[in-house]
Amino acid sequence: MKSLTCQRDCKSISQRVNKSMRVMLLLLVMLCQQPIANSQEVNIGNFCVNAYRSYTPADVAMINAGGIRSEINIGDVTFNDVLEVHPFGNEIVTATMTGQQLMDALEFSVSMLPEMSSDFLQVSGMKFEVDASIPSPVVFDVDNDLYSHVGDGKRRVSDLQILDDETGEYIPVDLSRNYTIASIDYLVIELGSSEILRAAEPQDVYWTNDLEALIYYIDRLGGKIDSRYENVEGR
(Lines give C-alpha, C1' and ligand atoms only; values in the text may rest on other atoms or scores of the structure.)
Protein backbone atom coordinates (compact mmCIF):
# COMPACT_ATOMS: atom_id res chain seq x y z
CA MET A 1 0.00 0.00 0.00
CA LYS A 2 1.30 3.45 -0.88
CA SER A 3 2.06 6.06 1.75
CA LEU A 4 -0.14 9.06 1.05
CA THR A 5 0.28 12.66 2.10
CA CYS A 6 -2.55 14.24 4.09
CA GLN A 7 -4.18 17.39 2.69
CA ARG A 8 -6.85 17.65 5.39
CA ASP A 9 -7.07 20.78 7.53
CA CYS A 10 -5.35 20.26 10.89
CA LYS A 11 -8.74 20.58 12.55
CA SER A 12 -11.16 18.49 10.55
CA ILE A 13 -14.56 19.67 9.45
CA SER A 14 -16.28 17.04 11.52
CA GLN A 15 -14.41 18.15 14.63
CA ARG A 16 -15.77 21.63 14.12
CA VAL A 17 -19.37 20.41 13.97
CA ASN A 18 -21.35 19.83 17.12
CA LYS A 19 -22.68 16.34 16.50
CA SER A 20 -25.90 17.05 18.38
CA MET A 21 -26.83 20.16 16.43
CA ARG A 22 -28.81 20.27 13.23
CA VAL A 23 -26.19 21.24 10.73
CA MET A 24 -28.10 21.67 7.50
CA LEU A 25 -31.54 21.80 5.94
CA LEU A 26 -32.34 19.21 3.31
CA LEU A 27 -35.03 20.37 0.91
CA LEU A 28 -35.54 17.25 -1.15
CA VAL A 29 -35.88 13.56 -0.47
CA MET A 30 -32.84 11.50 -1.37
CA LEU A 31 -33.54 8.18 -3.02
CA CYS A 32 -32.85 5.03 -1.06
CA GLN A 33 -29.48 3.58 -2.07
CA GLN A 34 -30.41 -0.04 -1.48
CA PRO A 35 -31.27 -1.57 -3.81
CA ILE A 36 -31.87 1.25 -6.31
CA ALA A 37 -28.28 2.55 -6.45
CA ASN A 38 -27.08 -0.96 -7.31
CA SER A 39 -28.50 -0.73 -10.81
CA GLN A 40 -29.13 2.89 -11.81
CA GLU A 41 -28.18 6.51 -11.28
CA VAL A 42 -29.68 7.97 -8.09
CA ASN A 43 -29.58 11.46 -6.66
CA ILE A 44 -27.92 10.42 -3.39
CA GLY A 45 -25.17 8.92 -5.56
CA ASN A 46 -24.84 12.13 -7.57
CA PHE A 47 -24.65 14.10 -4.35
CA CYS A 48 -21.83 11.97 -2.95
CA VAL A 49 -19.62 11.95 -6.04
CA ASN A 50 -20.24 15.64 -6.71
CA ALA A 51 -18.92 16.23 -3.20
CA TYR A 52 -15.71 14.31 -3.95
CA ARG A 53 -15.15 16.28 -7.14
CA SER A 54 -15.88 19.54 -5.37
CA TYR A 55 -13.22 18.81 -2.73
CA THR A 56 -10.51 17.74 -5.18
CA PRO A 57 -9.16 18.87 -8.58
CA ALA A 58 -10.47 15.67 -10.20
CA ASP A 59 -12.00 15.57 -13.67
CA VAL A 60 -14.42 12.82 -12.65
CA ALA A 61 -15.47 11.00 -9.49
CA MET A 62 -16.84 7.55 -8.76
CA ILE A 63 -18.22 5.54 -5.85
CA ASN A 64 -19.51 1.98 -5.86
CA ALA A 65 -23.16 1.64 -4.86
CA GLY A 66 -22.15 -0.47 -1.88
CA GLY A 67 -20.27 2.51 -0.46
CA ILE A 68 -23.50 4.50 -0.02
CA ARG A 69 -25.16 3.07 3.06
CA SER A 70 -28.25 5.20 3.67
CA GLU A 71 -30.73 7.65 2.24
CA ILE A 72 -31.25 11.19 3.53
CA ASN A 73 -34.86 12.21 4.04
CA ILE A 74 -36.52 15.59 3.63
CA GLY A 75 -36.28 18.03 6.52
CA ASP A 76 -33.63 18.98 9.06
CA VAL A 77 -30.63 16.68 8.93
CA THR A 78 -28.13 15.98 11.68
CA PHE A 79 -24.45 15.11 11.55
CA ASN A 80 -25.42 11.52 12.35
CA ASP A 81 -27.76 11.40 9.35
CA VAL A 82 -24.82 12.23 7.09
CA LEU A 83 -22.62 9.77 8.98
CA GLU A 84 -25.07 7.00 8.14
CA VAL A 85 -24.46 7.64 4.43
CA HIS A 86 -20.70 7.20 4.82
CA PRO A 87 -20.07 5.36 8.10
CA PHE A 88 -16.76 3.66 7.22
CA GLY A 89 -14.37 6.63 7.30
CA ASN A 90 -12.93 5.95 3.85
CA GLU A 91 -10.39 8.47 2.59
CA ILE A 92 -10.95 10.48 -0.57
CA VAL A 93 -8.01 9.93 -2.90
CA THR A 94 -7.19 10.93 -6.46
CA ALA A 95 -5.65 8.82 -9.19
CA THR A 96 -5.09 8.85 -12.94
CA MET A 97 -6.80 6.67 -15.51
CA THR A 98 -6.82 6.83 -19.28
CA GLY A 99 -10.05 7.32 -21.14
CA GLN A 100 -9.87 3.68 -22.22
CA GLN A 101 -9.44 2.52 -18.64
CA LEU A 102 -12.48 4.58 -17.64
CA MET A 103 -14.45 2.88 -20.41
CA ASP A 104 -13.34 -0.53 -19.15
CA ALA A 105 -14.27 0.23 -15.54
CA LEU A 106 -17.70 1.46 -16.59
CA GLU A 107 -18.18 -1.65 -18.71
CA PHE A 108 -17.57 -3.82 -15.67
CA SER A 109 -19.84 -1.58 -13.59
CA VAL A 110 -22.83 -2.36 -15.83
CA SER A 111 -21.93 -5.96 -16.59
CA MET A 112 -24.50 -7.44 -14.19
CA LEU A 113 -27.47 -5.40 -15.42
CA PRO A 114 -30.41 -5.90 -15.14
CA GLU A 115 -29.30 -7.68 -11.96
CA MET A 116 -28.19 -5.50 -9.08
CA SER A 117 -24.57 -5.20 -8.04
CA SER A 118 -22.79 -3.30 -5.26
CA ASP A 119 -20.03 -2.64 -7.83
CA PHE A 120 -22.35 -0.46 -9.92
CA LEU A 121 -20.68 2.95 -10.11
CA GLN A 122 -22.31 6.27 -9.32
CA VAL A 123 -20.38 8.91 -11.28
CA SER A 124 -19.75 12.66 -11.51
CA GLY A 125 -18.14 14.69 -14.28
CA MET A 126 -19.10 12.23 -17.00
CA LYS A 127 -22.08 10.66 -18.68
CA PHE A 128 -22.57 7.70 -20.99
CA GLU A 129 -25.12 5.47 -22.67
CA VAL A 130 -25.82 1.87 -21.63
CA ASP A 131 -27.54 -0.89 -23.61
CA ALA A 132 -28.15 -3.75 -21.20
CA SER A 133 -29.64 -5.88 -23.98
CA ILE A 134 -26.12 -6.47 -25.32
CA PRO A 135 -24.45 -9.54 -23.79
CA SER A 136 -21.72 -8.30 -21.49
CA PRO A 137 -18.20 -8.77 -22.91
CA VAL A 138 -16.68 -8.63 -19.41
CA VAL A 139 -14.55 -11.65 -18.48
CA PHE A 140 -14.44 -12.73 -14.85
CA ASP A 141 -11.78 -14.58 -12.91
CA VAL A 142 -14.23 -17.15 -11.60
CA ASP A 143 -11.78 -18.81 -9.23
CA ASN A 144 -11.07 -15.57 -7.40
CA ASP A 145 -14.45 -13.90 -8.02
CA LEU A 146 -12.76 -10.87 -9.57
CA TYR A 147 -13.13 -8.76 -12.68
CA SER A 148 -10.52 -9.94 -15.21
CA HIS A 149 -10.84 -7.83 -18.36
CA VAL A 150 -13.18 -6.69 -21.11
CA GLY A 151 -13.20 -9.21 -23.91
CA ASP A 152 -13.88 -8.84 -27.59
CA GLY A 153 -17.33 -8.04 -28.87
CA LYS A 154 -19.79 -5.19 -28.73
CA ARG A 155 -19.81 -3.22 -25.50
CA ARG A 156 -22.75 -2.12 -23.41
CA VAL A 157 -21.22 1.31 -22.67
CA SER A 158 -21.04 3.88 -25.44
CA ASP A 159 -20.83 7.64 -25.97
CA LEU A 160 -18.77 8.37 -22.86
CA GLN A 161 -18.46 12.13 -22.43
CA ILE A 162 -16.45 14.12 -19.90
CA LEU A 163 -17.63 17.41 -18.42
CA ASP A 164 -15.58 20.48 -19.29
CA ASP A 165 -15.80 22.56 -16.11
CA GLU A 166 -14.82 25.75 -17.92
CA THR A 167 -17.61 25.61 -20.50
CA GLY A 168 -20.11 23.43 -18.65
CA GLU A 169 -20.35 21.26 -21.76
CA TYR A 170 -19.74 17.52 -22.13
CA ILE A 171 -17.15 16.49 -24.71
CA PRO A 172 -16.33 13.02 -26.07
CA VAL A 173 -13.77 11.10 -24.03
CA ASP A 174 -10.23 10.94 -25.36
CA LEU A 175 -9.30 7.27 -24.94
CA SER A 176 -5.57 8.01 -24.82
CA ARG A 177 -5.74 10.96 -22.43
CA ASN A 178 -5.02 10.71 -18.71
CA TYR A 179 -7.89 11.86 -16.50
CA THR A 180 -7.81 12.54 -12.78
CA ILE A 181 -10.41 10.61 -10.82
CA ALA A 182 -11.58 11.01 -7.23
CA SER A 183 -12.85 8.05 -5.29
CA ILE A 184 -12.39 6.29 -1.97
CA ASP A 185 -9.23 4.53 -0.88
CA TYR A 186 -11.18 1.29 -0.52
CA LEU A 187 -11.54 1.16 -4.32
CA VAL A 188 -8.31 2.82 -5.44
CA ILE A 189 -5.77 1.67 -2.85
CA GLU A 190 -7.29 -1.48 -1.34
CA LEU A 191 -8.96 -2.35 -4.70
CA GLY A 192 -12.30 -3.28 -3.15
CA SER A 193 -13.93 -6.66 -3.51
CA SER A 194 -13.76 -6.85 -7.31
CA GLU A 195 -10.75 -4.65 -8.24
CA ILE A 196 -12.91 -2.56 -10.55
CA LEU A 197 -10.46 0.38 -10.35
CA ARG A 198 -7.22 -1.58 -10.29
CA ALA A 199 -6.01 0.24 -13.43
CA ALA A 200 -6.02 3.54 -11.53
CA GLU A 201 -2.61 4.99 -10.65
CA PRO A 202 -2.96 6.60 -7.20
CA GLN A 203 -1.53 10.03 -6.60
CA ASP A 204 0.51 10.40 -3.43
CA VAL A 205 -2.11 12.31 -1.47
CA TYR A 206 -5.35 11.83 0.34
CA TRP A 207 -7.66 14.78 0.67
CA THR A 208 -10.10 14.16 3.50
CA ASN A 209 -12.46 11.41 4.54
CA ASP A 210 -15.73 10.77 2.77
CA LEU A 211 -17.88 12.12 5.60
CA GLU A 212 -15.99 15.40 5.75
CA ALA A 213 -16.26 15.74 1.98
CA LEU A 214 -20.06 15.60 2.25
CA ILE A 215 -20.15 18.18 5.03
CA TYR A 216 -17.80 20.46 3.10
CA TYR A 217 -20.01 20.17 0.02
CA ILE A 218 -23.17 20.96 1.95
CA ASP A 219 -21.43 24.06 3.29
CA ARG A 220 -20.54 25.07 -0.29
CA LEU A 221 -24.21 24.66 -1.19
CA GLY A 222 -25.06 27.23 1.45
CA GLY A 223 -26.28 24.70 4.02
CA LYS A 224 -29.08 23.41 1.80
CA ILE A 225 -29.30 20.52 -0.64
CA ASP A 226 -31.24 22.27 -3.34
CA SER A 227 -33.47 21.47 -6.28
CA ARG A 228 -30.63 20.26 -8.50
CA TYR A 229 -30.95 16.96 -6.61
CA GLU A 230 -34.70 16.61 -7.06
CA ASN A 231 -34.10 14.37 -10.07
CA VAL A 232 -31.21 12.49 -11.63
CA GLU A 233 -29.32 14.04 -14.54
CA GLY A 234 -29.09 11.18 -17.00
CA ARG A 235 -25.45 10.40 -16.37
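Residues numbered from 1 in each chain as written. Predicted model: local features only at pLDDT ≥ 70, side-chain atom pairs only at ≥ 80, totals over all residues. Heavy atoms only, no water.

## Quick word on the overall build of the protein
At step 1: When helices and strands are counted, the protein shows six helices and 14 strands.
At step 2: Across the 235 residues in the protein, those meeting the buried criterion constitute 52%.
At step 3: In the protein, 78% of the contacts between residues at least 6 apart in sequence involve partners at least 24 apart. (Helix = DSSP H or I, 4+ residues; strand = E, 2+ residues; numbered from the N terminus. Buried < 20%, exposed > 50% of the residue type's maximum accessible area, 1.4 Å probe, protein only. Contact = heavy atoms within 4.5 Å.)

## Some thoughts on the sheet that holds strand 11 (residues 169-172)
At step 1: Here three strands make up an open sheet; going across it, the order is 7-10-11 and the pairing antiparallel. The open sheet has two free edges, formed respectively by strand 7 (126-130) and strand 11, since each of these has just one partner strand. Between one strand axis and the next, the sheet turns through 30° on average, direction left out of account.
At step 2: In this structure, strand 7 lies alongside strand 10 (residues 157-164), joined through four bridges in antiparallel fashion. Counterpart to K127 in the pairing with strand 10 is Q161.
At step 3: Helix-sheet contacts for helix 4 (residues 99-109) involve strand 7 and strand 10, and the interaxial angle to strand 10 is about 125°. (Pairing = 2+ DSSP bridges. Axes fitted to C-alpha atoms, helices over the stretch in contact; angles between N-to-C directions.)

## Considering the confidence of the model for the protein
At step 1: Per-chain confidence: the protein averages 84 in pLDDT, with 85% of residues scoring 70 or above.
At step 2: Note that pLDDT drops below 50 for residues 8-33; the model gives that stretch 79 contacts with residues more than four away or on any other chain. (pLDDT = per-residue confidence, 0-100.)

## Details of the packing of helix 2 (residues 43-55) against helix 6 (residues 210-220)
When two helices pack together, their arrangement is given by the angle between the helix axes and by the axis-to-axis distance.
At step 1: The geometry of helix 2 relative to helix 6 is characterised by a closest axis approach of 8 Å and an angle of 85° between their N-to-C directions. Accordingly, the angle class assigned to the pair helix 2 and helix 6 is roughly perpendicular. For the pair helix 2 and helix 6, contact is made by F47, C48, N50, A51, Y52, S54 and Y55 and by D210, A213, L214, Y216, Y217, I218 and R220, respectively.
At step 2: Looking at the contact of helix 2 with helix 6 residue by residue, the classes come out as ten nonpolar, two polar and two charged. (Parallel < 35°, antiparallel > 145°, perpendicular 65-115°, else oblique. Nonpolar A, V, L, I, M, F, W, Y, C, P; charged D, E, K, R; others polar.)

## Topic: the environment of P135
At step 1: Along the polypeptide, P135 turns up in the loop between strand 7 and strand 8 (138-141).
At step 2: Sequence-wise, P135 and K154 are 19 residues apart; in three dimensions their C-alpha atoms are separated by 8.1 Å.
At step 3: In this view, P135 contacts K154 and R156; residues no more than four positions away in its chain are not counted.

## Some points on the layout of surface pockets
At step 1: Roughly 300 Å³ of internal volume is contained in the largest pocket.
At step 2: Lining the largest pocket are 13 residues, with N50, R53, Y217, R228 and Y229 positioned closest to its centre.
At step 3: Of all elements in the fold, only helix 2 and helix 6 reach the threshold of two or more residues within the lining of the largest pocket.
At step 4: When its residues are assigned to classes, the lining of the largest pocket shows five nonpolar, two polar and six charged.
At step 5: Of the volumes computed, that of the second largest pocket is approximately 190 Å³.
At step 6: Where the lining of the second largest pocket is concerned, the elements lending two or more residues are strand 6 (121-124) and strand 7.
At step 7: No other element matches the three residues that strand 6 contributes to the lining of the second largest pocket.
At step 8: Across the lining of the second largest pocket, the residue classes tally to seven nonpolar, four polar and two charged. (1 Å grid on protein atoms, 1.4 Å probe; cavity = no way out; pocket = protein on both sides within 12 Å on 5 of 7 lines; lining within 4 Å. Points joined across faces, edges and corners; volume = space filled by probe spheres on them.)

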